[in-house]
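This is what each chain is made of:
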Amino acid sequence: MLNHYRLVMWVGLLGACLSLFGCAGVIPASPLDVASLKNLSYAGIYHEPVTLQQGRYEGKPYVPEGAARPRVRLVEQLYVIADLDNDGVEEAAVFLTESAGGSGSYTFLAIIDEVNGQYQNVATQKLGDRIQVRNLEFKAGLLSLNLVTAAPDEAACCPTLKVQQSYHYHAGQLVQTTAEPQGQVSLADLQGRWKLTHFDRNEPVPAETEVTLEFRDAQFAGLAGCNRYFGAIKGKAPLNIAIGPIGATRRMCPTAVMQVEDRFLPALQQATQFRFLFGQLALSYQDDKGLHSLLFAPQ
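Residues numbered from 1 in each chain as written. Predicted model: local features only at pLDDT ≥ 70, side-chain atom pairs only at ≥ 80, totals over all residues. Heavy atoms only, no water.

**Q** Describe the sheet that holds strand S12 (residues 173–184), and please don't skip the residues or the numbers.
**A** Strand order in the open sheet made by the 4 strands is S9-S10-S11-S12, with antiparallel pairing throughout. Each having just a single partner strand, strand S9 (132–139) and S12 make up the two edges of the open sheet. Each neighbouring strand pair of the sheet contributes to a mean axis angle of 20 degrees, computed without reference to strand direction. Two strands pair when backbone bridges link them, and S9 and strand S10 (residues 142–149) are joined in this way by 7 bridges, in the antiparallel orientation. Bridge pairing in S10 places Lys139 opposite Leu142. (Pairing = 2+ DSSP bridges. Helix = DSSP H or I, 4+ residues; strand = E, 2+ residues; numbered from the N terminus. Axes fitted to C-alpha atoms, helices over the stretch in contact; angles between N-to-C directions.)

Encoded structure:
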């Protein structure tokens, strides 16, 4: 009986939405997850709201047949779903990126809340151009962000200043409460255990093969898929680092696992830079095919 009541209520809400508003970019309230956020409308990025389709928006070219056009993307790997305003209903805090084909790439923090039984984007905060997001947490009633931004004397391309920001959400308003500098990025920020997820942005590591990387002080070690490996890292972080030489055990494993290992270890030793991409660690390296990034998720 309860399920039937909910179905009738949802059908009624949907019918009212279609007749009054057309339901563009609005999703009836149900348990929040990242999938439910991919087709919403988001405001505060351009003069008019944009509606995502499967997590993306692409507008018309600025010049007919030109390559430059507005693009917005929902960041799926880092978000928070929690009762942000202590009203008994969960809200979501997500990141959006915006670019138009040039060097600039802007990051926004957006809040999704239930309004009249439907999820809507109710607040959006612009964070900056080409910033790096190290993590996002909700604690003590505040959204806490650890960012890497450009210092006043730095170019936007190459930020090194760590900043912790806090935001309070209440009654549809997102208010910044703190912004505290945390010093310069250093090798110490690599500390911890990481798991390789991608050889490059669109090249995921096979799920059945585990590759890990753990930093302790200026040393690192991990599992390359089959063999244990180890070495040292040095340099002026984050734009000029040197890794290795790398030592490793000499076991043999199935061909598929060895193929992953044989690709990972040379790429790791060629890494010369690191940065943070919405909670992930990116180690950049160059080979004869161009510039790539090994992507790691924290463990």
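**Q** Mind laying out the nonpolar core, listing which residues take part and the relevant values?
**A** With 31 residues, the main nonpolar core has Phe264, Leu268, Phe274, Leu281, Leu283, Leu294 and Phe296 as its most contacted residues. Breaking this core down by element, the ones donating at least two residues are strand S13 (192–200), strand S15 (212–216), strand S17 (228–236), strand S18 (240–243), helix H2 (255–269), strand S20 (273–277), strand S21 (280–287) and strand S22 (290–298). Tallying contributions element by element places H2 first for this core, with 5 residues. In contact with Leu283, not counting residues within four places along its chain, are Leu213, Ile241, Leu268, Ala271, Gln273, Phe274, His292, Ser293, Leu294 and Phe296. In terms of nonpolar packing, the next biggest core, distinct from the first, is built from 21 residues, Ile131, Val133, Tyr167 and Leu174 among them. (Core = buried A, V, L, I, M, F, W, Y, C linked by side-chain atoms within 4.5 Å. Buried < 20%, exposed > 50% of the residue type's maximum accessible area, 1.4 Å probe, protein only. Contact = heavy atoms within 4.5 Å.)

**Q** Can you explain the environment of Cys157? Please cite residues and give values.
**A** Counting through the fold element by element, Cys157 comes out in the loop between S10 and strand S11 (161–170). Since its relative accessible area comes to 48%, Cys157 is described here as partly exposed.

**Q** Which residues make up the packing of aromatic side chains, and what values do they have?
**A** Following the criterion strictly, the structure yields 6 aromatic pairs and no others. On the basis of an interplanar angle of 50 degrees and a centroid distance of 6.2 Å, the ring pair of Phe220 and Tyr229 is categorised as tilted. Neither Phe220 nor Tyr229 differs from the other in exposure class; each is buried. Taking 6.3 Å as the distance between ring centres and 70 degrees as the angle between the ring planes, the aromatic pair formed by Phe264 and Phe296 counts as edge-to-face. (Phe/Tyr/Trp six-rings, centres within 6.5 Å; stacked < 30°, edge-to-face > 60°.)

**Q** Describe the environment of Ser284, with residues and values.
**A** You can see Ser284 is positioned in strand S21. As for Ser284 and Ala267, which are separated by 17 residues in sequence, their C-alpha atoms are 8.7 Å apart. Aside from chain neighbours lying at most four places away, what touches Ser284 is Gln270, Ala271, Thr272, Gln273, Arg275, Leu291, His292 and Ser293. At a separation of 2.7 Å, a polar atom in the side chain of Ser284 contacts the side chain of Arg275. (Polar contact = N/O pair within 3.5 Å; in protein donor to acceptor, adjacent residues only side chain to side chain.)

Scope: geometric values only; no functional claims are made or implied.
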